[in-house]
Amino acid sequence: KDGRFGRISFGEMRALVGLRCTFLASLLAAGRGAGLPDTQLGTFGPEYLGGAEYFFEDPGEETGTPLLFHRNEENMTCSNAPKDVPFLKQIRGVNVGGWLVLEPWITPSLFYQFLGADERYHEKTPAHVGMDTFTFCKVLGPVEGQKQLQRHWNTWVTERDIRELYMANIDSLRVPVGDWMWRPYGPYIGCADGALEHLDRLLALAAKYQMKVLLDLHALEGSQNGLDNSGLTWNVDWSKKGEAANPELEWVGEGGALDTGTEFSHWSVRSAEWMGKYNMKKNVYTELYWYRLDETLDVVRKIADMYATNAAVMGVQPVNEPWQNTPIGPLQRFYWEGFKIIKRRAPGWKWFMHDSFRLNSGLWHHFMRGCPGIYLDTHIYTAWNRPDAPEAFYGNACGQKHTIAEYEDQIMPVVVGEWSLATDNCAMWLNGFNDNLPGFPMVQCDLVPCPEPYMGREQPGAPPPRWFNQRGPMSTTGTSTPAFGMCPIDKSWPNDTEVMTALGHKKLNAWTYGHGWFFWNFKTELEPKWDYLKSVANGWLPKDAQGNHKEVYEACNKENTGHIACVARSDASRDTILDAVDWACEHADPPIPACSDPVRKITEASSIFNTSWHHQRLMGGTCDFNGAAELADMDKITPVVLSLNTTAEQLHPEMPEEFVGEKPLLLARHIQHKLKGYPQTALMSFVCVATVLAVGLVVSGARRVGGAWRRARAGEYVEQGTVEQELRDRLYRVEELALD
């Protein structure tokens, strides 16, 4: 229309109009929840497991694509699901944050205009301060808000940015979006109009540069975590300067703020009310808002209806960072219902679920087991760690591989959806506009001149004048703000380039044990350690995100204390494993010696998987092999060993009883050969001894028999046959002990 996107043919226009009409029709056929009342009263803590009665009445259930798997509604698991393609490629991506969902610390030039509001408006300050997308639109109104957002949307993400990411070999973009883009409400009406057109512009650029896009519902009505990144900072209590806010007061102002005051408190009264009414005294929810889940799931449906045929979209994340006090039962039911909505419309899309800051809690074991195309999203930062020596940050980074590998093994594929190189909390407004966590920052921050506004000098209040000291309104718990034209940023190490490069390589090394990563953020106005493009330009991160970098592969050699290996799955069928071995051997580069021997291809399947994975993981390969393999800590389990026995009895690889709840390990080939010469009584004695040993292991909670591969170190190239030889030696010792 205006020439920005070039000429368009009548046929293309007709197709676009048809697509929009289909989308508008989907808006009229809204889905809704059922099984529970809109609002449920009670006491609901973080470990509340209820909500099984809830389900989403999807209008596409009858007309959409039939689900390509069997589903168990009661325990939220799947069976007979098609597997992902072998050697699913890792994600090497970045977040496009601070764009469609505002965060003051990423783009402070948008928010300088609110500094000094307490001087101008006194007790009416709360009505004139924007801290997030909601209050930005509420304070500025639909006309001025729309004007400033359009200028911001046009300049914060440009084709030049996407081209630079393409040159760095980034393959994926995680794009935070707000639910108001599909169901406008409150101050977003008018103010945020046009956001979908800019999202379409980004999708077109992603397609042009061969990138995939994850649509991340980062901001939801009511706020899922109380932070500005949810669209609304919740709660904010205002008071007159010098008078402490009263935490006993209930929220009375729109947008989570008391009506009057010149300074505020947030962290002491923070809560999240997307899922329900939170009681801060008892630290539990007293009401559950099932209607809110309905509304969010309907947004998920609209997204799928709109973009199911867009080749640039890889999938959806239905909520970002629901806080740790979110009742886990309703959250998991929400994930389950949303998963079915997506799979009816876009079976090939991926479904990302944030761990609610509870990755190590055990709450995710068995959840959605067997379901195709699912990922657990975890966010791993060192910015909130206590100050320490570089070695402590190195050890922390390398140690993350154990958690990632464990969850890859026991639960589902893991993606590190957010991470950065920051080692302190100095980034201005990182913890909120003119706010800070109590006690932060814990180091003396660096100062740099506040930059010129990226959208042009017409932006009000930017940059902050050099003749002003710190300006309010201020938080009562901490300060982070510009002064005399200088802005605080992360503290530099004495040998900053060396530390940042080492830390970046070690983090990348750890992330290779999962299914990929998204760096936060693609760029920032101020902070190079939160800026992927600047980190690459500074040499802290590799210039080629897909490259096989030896310095990354060997980055954690010093810190390694255990051995993570890619081994055959205990629950995979024999045929699945052997098919995957054939595939691994066919695609091995360099060739794997065991692949040339038909016998070794059977008995050394785990070794073949592990060697292939080590060769491929830094180029994006995963330990998947079409569901035949998994990552495991070899100090904790004994790897699967296939027998040469091809009788119908051996449908599955053998594992110790305490690991899979089946028969004890009896069919390792060396044990089997020796047993042939013993009488039946000896065989029965062996079975009894092995069974008793297995039961003993169950009682003691042990998860290993031989602990093979203990001495091998993750991150190093493993000599072919070394680990397998140790396994053979240990099996001989187990066998001889049992026979004795």
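Further up the page is the structure itself.
Predicted model, so just to flag it, every value in this text is computed and none were measured. (Residues numbered from 1 in each chain as written. Predicted model: local features only at pLDDT ≥ 70, side-chain atom pairs only at ≥ 80, totals over all residues. Heavy atoms only, no water.)

1. Focus on helix α10 (residues 496-511)
- In a regular helix each residue adds 1.5 Å, so 16 residues correspond to 22 Å; α10 covers 22 Å between its end C-alpha atoms and thus fits that length.
- Of all 16 residues in α10, 13 are buried, a share of seventy percent or more. (Helix = DSSP H or I, 4+ residues; strand = E, 2+ residues; numbered from the N terminus. Expected span 1.5 Å × (residues − 1). Buried < 20%, exposed > 50% of the residue type's maximum accessible area, 1.4 Å probe, protein only.)

2. Brief notes about the packing of aromatic side chains
- Throughout the structure, instances matching the rule amount to 38 aromatic pairs.
- Taking the centre distance of 5.2 Å and the plane angle of 75 degrees together, the rings of Trp 274 and Phe 334 count as edge-to-face. Taken together, the residues span a long stretch of sequence, with Trp 274 in the loop between β10 (263-265) and β11 (276-279) and Phe 334 in helix α8 (residues 328-345) at a distance of 60 residues.
- The ring of Tyr 394 carries Lys 506 above its face, with NZ or CZ at 5.1 Å from the centroid.
- The ring of Trp 156 carries the charged tip of Lys 523 above its face, separated from the ring centre by 4.6 Å. (Phe/Tyr/Trp six-rings, centres within 6.5 Å; stacked < 30°, edge-to-face > 60°. Lys NZ or Arg CZ within 6 Å of the ring centre and 35° of its normal.)

3. Points about the pairing of strand β12 (residues 284-289)
- Bridge analysis of strand β2 (residues 39-44) against β12 gives 4 bridges, and the strand direction is antiparallel. Bridge pairing links Gln 40 to Leu 288 in β12. (Pairing = 2+ DSSP bridges.)

4. Focus on unusual backbone geometry
- Cis rather than trans, the peptide bond between Trp 520 and Asn 521 has omega equal to 15 degrees.
- Tracing the backbone shows Asn 521 in the loop between β19 (516-519) and α11 (532-537).
- A cis amide bond links Asp 589 to the next residue, Pro 590, at an omega of 5 degrees.
- When you line up the elements, Pro 590 lands in the loop between α13 (574-586) and α14 (598-603).
- One non-glycine residue with positive phi stands out, namely His 122, at about 55 degrees.
- Take His 122: its relative accessible area is 48%, and that puts it in the partly exposed class.

5. Some thoughts on the side chain of His 218
- In this structure, His 218 sits in strand β8 (residues 212-219).
- For His 218, the residues in contact, after removing those within four places along its chain, are Val 101, Glu 103, Arg 174, Pro 176, Val 177, Gln 224, Asn 229, Ser 230, Asn 320, Glu 418 and Trp 520. (Contact = heavy atoms within 4.5 Å.)

6. Quick word on the sheet that holds β12
- The 3 strands lie next to each other as β2-β12-β11, forming an open sheet whose pairing is antiparallel. The sheet is open, and its two borders are formed by β2 and β11, each paired with just one other strand. Strand-to-strand twist in this sheet, taken as the mean axis angle between neighbours without regard to direction, amounts to 15 degrees.
- Where β11 meets β12, 4 bridges bridge the pair, whose relative direction is antiparallel. Each residue of the ladder has a partner; that of Asn 279, found in β12, is Val 284.
- Sheet strands touched by helix α7 (residues 290-307): β2 and β12. Its angle to β12, the strand with the most contacts, is close to 55 degrees. (Axes fitted to C-alpha atoms, helices over the stretch in contact; angles between N-to-C directions.)

7. Digging into the pairing of strand β7 (residues 172-178)
- Counting buried positions along β7 gives 7 out of 7 residues, so the element sits mostly inside the fold.
- Taking every second residue as pointing to the same face, both faces of β7 are buried, with Ser 172, Arg 174, Pro 176 and Gly 178 on one and Leu 173, Val 175 and Val 177 on the other.
- Here strand β6 (residues 91-95) pairs with β7 via 3 bridges, running parallel. Pairing of Val 94 across the sheet is with Leu 173, part of β7.
- Pairing between β7 and β8: 7 bridges, direction parallel. The residue bridging Val 177 from the neighbouring strand is Leu 217, located in β8.

8. Let's talk about the nonpolar core
- In terms of nonpolar packing, the biggest core is built from 176 residues, with Leu 173, Leu 199, Tyr 307 and Tyr 532 touching the most fellow members.
- Here this core gets 9 residues from one element, more than from any other, and that element is α7.
- Excluding anything up to four places from it in sequence, Leu 173 contacts Val 94, Val 96, Ile 162, Leu 165, Leu 202, Ala 206, Met 211, Lys 212, Val 213, Leu 214 and Phe 518.
- Residues Ile 91, Met 314, Tyr 375 and Phe 518 belong to the second largest nonpolar core, which totals 7 residues. (Core = buried A, V, L, I, M, F, W, Y, C linked by side-chain atoms within 4.5 Å.)

Take it as geometry only, folks, not as evidence of what the structure does.
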